[in-house]
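Here's the letter readout for the chains.
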Protein chains: 2
Amino acid sequence: MFIHGRPTATVGLSGRHLQMTRRIPPAPPPPSRPVTIHDVARRAGVSTATVSRAIGNPGQVTEETRSRVLAAIRATGFTPNATARNLRARSTKTVLVLLPGLGNSFWNVIINSLEDVLSEHGYGVIFGDTRNDPEREAHYERLVRSGQVDGLLLFTGRLPHPDFIQLDRTIPITLVSNEVPGCPDLPLIGIDNRAAAAEMTRYLIGRGHRRIAHLTGPHGHPEAAERIKGYRDALAGAGIAHDEALIWPGGFDPASGRRGAERFFALADRPTAVFAASDEGALGLIKALKDRGLSVPEDVSVAGFDGIEYSGIYDPALTTVLQPRSELGRLAGENLVKRMDRSAPPPPPARTHLACTLLIRDSVGDGPAAGRKGALRANRRAAT
Amino acid sequence: MFIHGRPTATVGLSGRHLQMTRRIPPAPPPPSRPVTIHDVARRAGVSTATVSRAIGNPGQVTEETRSRVLAAIRATGFTPNATARNLRARSTKTVLVLLPGLGNSFWNVIINSLEDVLSEHGYGVIFGDTRNDPEREAHYERLVRSGQVDGLLLFTGRLPHPDFIQLDRTIPITLVSNEVPGCPDLPLIGIDNRAAAAEMTRYLIGRGHRRIAHLTGPHGHPEAAERIKGYRDALAGAGIAHDEALIWPGGFDPASGRRGAERFFALADRPTAVFAASDEGALGLIKALKDRGLSVPEDVSVAGFDGIEYSGIYDPALTTVLQPRSELGRLAGENLVKRMDRSAPPPPPARTHLACTLLIRDSVGDGPAAGRKGALRANRRAAT
DNA sequence: AGGATCGATGTAATCGATTACACGCTTGAG
DNA sequence: CTCAAGCGTGTAATCGATTACATCGATCCT
């Protein structure tokens, strides 16, 4: 791969011309002070209280004054200042969603269903990208502590600060996907990583694989740790000896898949299948294997985890664990909404673990033990 | 592909137990009213004004009172209420970034560099996902009109409302990537789509292709339209007759690539190369071609546009147009920061068009005219 | 008819911070 | 010794909306 670069064009200039033509009319209305409720009140010949009521409590004002106020609002182009309103209401009707990285397509569906639920209940949503960077986390902590949001959805699996948890007394926090160490009494909506990983591993065993490697997620990541456990559960359940050399430290990115491939080629006794803890890792791994002349699934089988969109258009289409992302988002949103409702008593902080489904596609083939009695038995067990 | 589903587990119950143990201590401090500047003032034995000054204008208070105030702040755990502060300051030091869809990995790099620049200048960033849905757009319009943000970065190429532009007199707006129809005097940071598309098309011609199809972006999308123009420019420049049957309506998603493949197979006189207006479309197209038994680039060449991460780990690695995403984000951020600075005169609303680079990888092979004199000439021209 | 009631509206307090202005004390110059 | 300047601090206005309470008529009941 090389970069074939040629500057096609650089900076346009048309703006300068436009700017000059725009300066000629001597500033129609000057940087006009934004229109407030007082302007509307004056114009409609009522008090500000009446204007406020006409907007928020129709029924408390005559139909006649109301229409007069609405006309004044339309004429002036008034929009209530949300900051003032929030100050008075001590609430912003806004939820902050903290993610470890916004650009990842894994969030796509979750974000959408999340937003649907929250906006249905009248909440706005803003997203924050922490990149697991303490400075960034501190920035968002300030956003929360300073009362800018009414609730917090935490996807990151980490808190900016050990004391952050005390916020739970200020605003509700709901964890999504990731446990946060040391916070057992925050509600969590996640998946059953261990069971899902075990199921995929059993599927691989059922296809006749006996030497199965696991490309893990990031070190210290709670979900990744659960997936490792599930992988081990399944191996142990099938009576397959554990081989530490088949556990490859990875991450949730394609580069970690490439590193996994290096491990693969370095082994004398290579695995016949690799179960990756993320689709991104799996795809990076497949690419690296193919680059070295192997084919998937003929030479090696590879399975992933997550079910991102790209895994379906890869060649081969990736066999993977499909996370119920839409439901995850919906439940997380509903949970938070309930806890933000100050009128009702808060529901108990339950931990919800959703089931995943296997998405069998084309990246896993039969292993050396396929067709044997043991394989069939394992297969049947996996499909129960 | 079929779904091999088995409910591994459903809902955990540990929460109920936790809840019960948690209820026993009789609510240590009741839902304590958040601590305000008055609490700090009282504790430090000074006025609220002094507290405020101790925080914001050190130097205006004695070192001794200052430390006393800081001690009181630490003791009470005080964090200034940002809503009140914003109300008074008539500014929130926050920027809203509106995207047509957050989950797309194309935004990854842009978002990061954007955030870096803005936070360097003391601005927070919040993201909004419009999905090109008028209702959602209206929601964010309210956010802007109600003074919740100081500036707006618009990636969506559309305005919620024709009058939205008047906001330009309220808060600065900077367009990124996409022109908005009818808004010639908003500054824009984008790329030179036409030149880049022409360059890629010339590269295909240079590799000996003569029948080149173009899988377009979404109908009506300004950048996609420019890319079509560039494609046509290059064909015309090489004296290749235009064939309307080779322009396939697409989108920025893999599904549109599949539809493109259907067009491909429906043609009697098939193209030898396809230039897609997006990587996502290109990948979807390749997958569909391979599913029908063709190989890329041996049977057909495919080129993309954007340079998303996945294009590099695909098999074959995609030859594509690399957008300078990091620079795009940085310039957009800097432009907006300058315009939000009320002390300096606003810079003229220029339109900046950055150059892209070709990323030559493995998805384009030689066409039937390769090696011929004309091909060489075209090739040389493309590489100038 | 007189007083209670109710409905529509205005007045003013309030949310929590910032900041213009006033005040009092210290200090230095004349 | 007096007055101005300067510094540190407090008082109160302010940002823009919401809302408790007061007010004023009109209506209704006995």
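Residues numbered from 1 in each chain as written. Chains lettered and ligands numbered in written order. Predicted model: local features only at pLDDT ≥ 70, side-chain atom pairs only at ≥ 80, totals over all residues. Heavy atoms only, no water.

1. With respect to the nonpolar core
Of all hydrophobic cores here, the largest spans 138 residues; its most connected members are L153 and L289 of chain A together with L153 of chain B. Residues contacting L153 of chain A, with those up to four places away along its chain left out, are V95, L96, V97, L98, L114, L118, T174, V176, A332 and L336 of chain A. Ranked by size, the runner-up nonpolar core spans 32 residues in total, among them L143, L152 and L154 of chain A together with V149 of chain B. (Core = buried A, V, L, I, M, F, W, Y, C linked by side-chain atoms within 4.5 Å. Buried < 20%, exposed > 50% of the residue type's maximum accessible area, 1.4 Å probe, protein only. Contact = heavy atoms within 4.5 Å.)

2. Some thoughts on empty space enclosed by the protein
Counting across every chain of the model gives two cavities of 30 Å³ or more. Of the pockets and cavities examined, the largest cavity occupies roughly 220 Å³. Lining the largest cavity are 16 residues, with T94, I126 and Q148 of chain A together with I126 and Q148 of chain B positioned closest to its centre. For the lining of the largest cavity, the secondary-structure elements that each account for two or more residues are α5 (82-89) of chain A together with α5 (82-89) of chain B. For the lining of the largest cavity, the per-class residue count stands at six nonpolar, ten polar and no charged. The calculated volume of the second largest cavity comes to roughly 30 Å³. (1 Å grid on protein atoms, 1.4 Å probe; cavity = no way out; pocket = protein on both sides within 12 Å on 5 of 7 lines; lining within 4 Å. Points joined across faces, edges and corners; volume = space filled by probe spheres on them. Helix = DSSP H or I, 4+ residues; strand = E, 2+ residues; numbered from the N terminus. Nonpolar A, V, L, I, M, F, W, Y, C, P; charged D, E, K, R; others polar.)

3. Some remarks on helix α2 (residues 37-44) of chain B
Residue and element names in this part refer to chain B. All of the buried residues in α2 are D39, V40, A41 and A44. Buried residues belonging to α2 abut α3 (48-56) and α4 (63-76). Between the side-chain oxygen of the N-cap and the backbone nitrogen of H38 there are 3.1 Å, and the N-cap of α2 in question is T36. (Polar contact = N/O pair within 3.5 Å; in protein donor to acceptor, adjacent residues only side chain to side chain.)

4. With respect to the protein's contact with DNA strand C
The immediate surroundings of DNA strand C are formed by 27 residues, with T50 and R88 of chain A together with I37, S52 and R88 of chain B found nearest. Within 4 Å of the protein, the contacting atoms of DNA strand C are drawn from sugar and phosphate to the extent of 65%. Note that a phosphate oxygen of DNA strand C is positioned 2.3 Å from one of the backbone N or O atoms of I37 of chain B. Between DNA strand C and A84 of chain B, the relevant distance is 3.3 Å, taken from a base nitrogen to a main-chain nitrogen or oxygen of the residue. The element that contributes the greatest number of residues to the surface near DNA strand C is α5 of chain B, accounting for four residues. Here the residues of the surface near DNA strand C are counted per class, giving ten nonpolar, eleven polar and six charged. (Near = heavy atom within 4 Å.)

5. Comments concerning the packing of helix α8 (residues 193-206) of chain A against helix α9 (residues 222-237) of chain A
If you want to describe how two helices pack, look at the angle between their axes and the distance between the axes. All names here are of chain A. Orientation of α8 relative to α9, taken along the N-to-C sense of each, is 40 degrees, at an axis distance of 7 Å. One element, α8, and the other, α9, form an angle in the oblique class. α8 and α9 meet at a crossing whose hand is right-handed. Residues N193, R194, A197, A198, T201, R202 and I205 of α8 touch α9, and the partners they reach there are E223, E226, R227, K229, G230, Y231, D233, A234 and L235. A class-by-class count of the residues in the contact of α8 with α9 yields six nonpolar, three polar and seven charged. (Axes fitted to C-alpha atoms, helices over the stretch in contact; angles between N-to-C directions. Parallel < 35°, antiparallel > 145°, perpendicular 65-115°, else oblique. Left-handed = near helix turned anticlockwise from the far one by under 90°.)

6. Details of the sheet that holds strand β9 (residues 273-276) of chain B
Residue and element names in this part refer to chain B. Taken together, four strands build an open sheet; the order of strands is β8-β7-β9-β10 and the sheet is parallel. Strands with a single pairing partner mark the edges of an open sheet, and in this sheet they are β8 (247-248) and β10 (301-303). Here strand β7 (residues 212-215) runs beside β9; their pairing, made up of four bridges, is parallel. Among the inter-strand pairings, L215 is bridged to a residue of β9, identified as A276. Sheet strands in contact with helix α8 (residues 193-206) are β7, β9 and β10, and its direction is about 170 degrees off that of β9. (Pairing = 2+ DSSP bridges.)

7. Considerations on the confidence of the model for chain A
Chain-level statistics for chain A give a pLDDT mean of 85 and a share of 85% at 70 or above. Note on residues 1-30 of chain A: pLDDT is under 50 here. Beyond four places in sequence and across chains, it has 53 contacts. (pLDDT = per-residue confidence, 0-100.)

8. Remarks on the protein's contact with DNA strand D
Around DNA strand D lies a shell of 27 residues, among which I37, S52 and R88 of chain A together with T50 and R88 of chain B are the nearest. Of everything in DNA strand D that lies within 4 Å of the protein, sugar and phosphate atoms constitute 65%. At 3.3 Å, a backbone N or O of A84 of chain A approaches a base nitrogen of DNA strand D. In the environment of DNA strand D, a sugar or linking oxygen lies 2.9 Å from a nitrogen or oxygen atom belonging to the side chain of T62 of chain B. Looking at the surface near DNA strand D, the elements that each hand over two or more residues are α3 (48-56) and α5 of chain A together with α3 and α5 of chain B. Among the elements that line the surface near DNA strand D, the one with the most residues is α5 of chain A, at four residues.

9. Thoughts on the pattern of salt bridges
Under the defined criterion, the tally for this structure stands at 47 salt bridges over all chains. Residue R136 of chain B pairs with D116 of chain A through a salt bridge whose shortest N-O separation is 2.8 Å. Separated into two different chains, R136 of chain B in helix α7 (residues 134-145) and D116 of chain A in helix α6 (residues 107-120) make up a pair that spans both. Classification of R136 of chain B by relative accessible area gives buried; the value is 12%. We note a salt bridge from R258 of chain B to D291 of chain B, for which the minimum N-O separation is 3.9 Å. In this pair, R258 of chain B sits in helix α10 (residues 254-266) while D291 of chain B sits in helix α11 (residues 279-291), placing the two residues 33 residues apart along the sequence. Take R258 of chain B: its relative accessible area is 33%, and that puts it in the partly exposed class. Judged by its relative accessible area of 47%, D291 of chain B is partly exposed. If you follow the salt bridges from partner to partner, you end up with E115 and D116 of chain A together with R131, D133 and R136 of chain B in one network. (Salt bridge = Lys/Arg side-chain N within 4 Å of Asp/Glu carboxyl O.)

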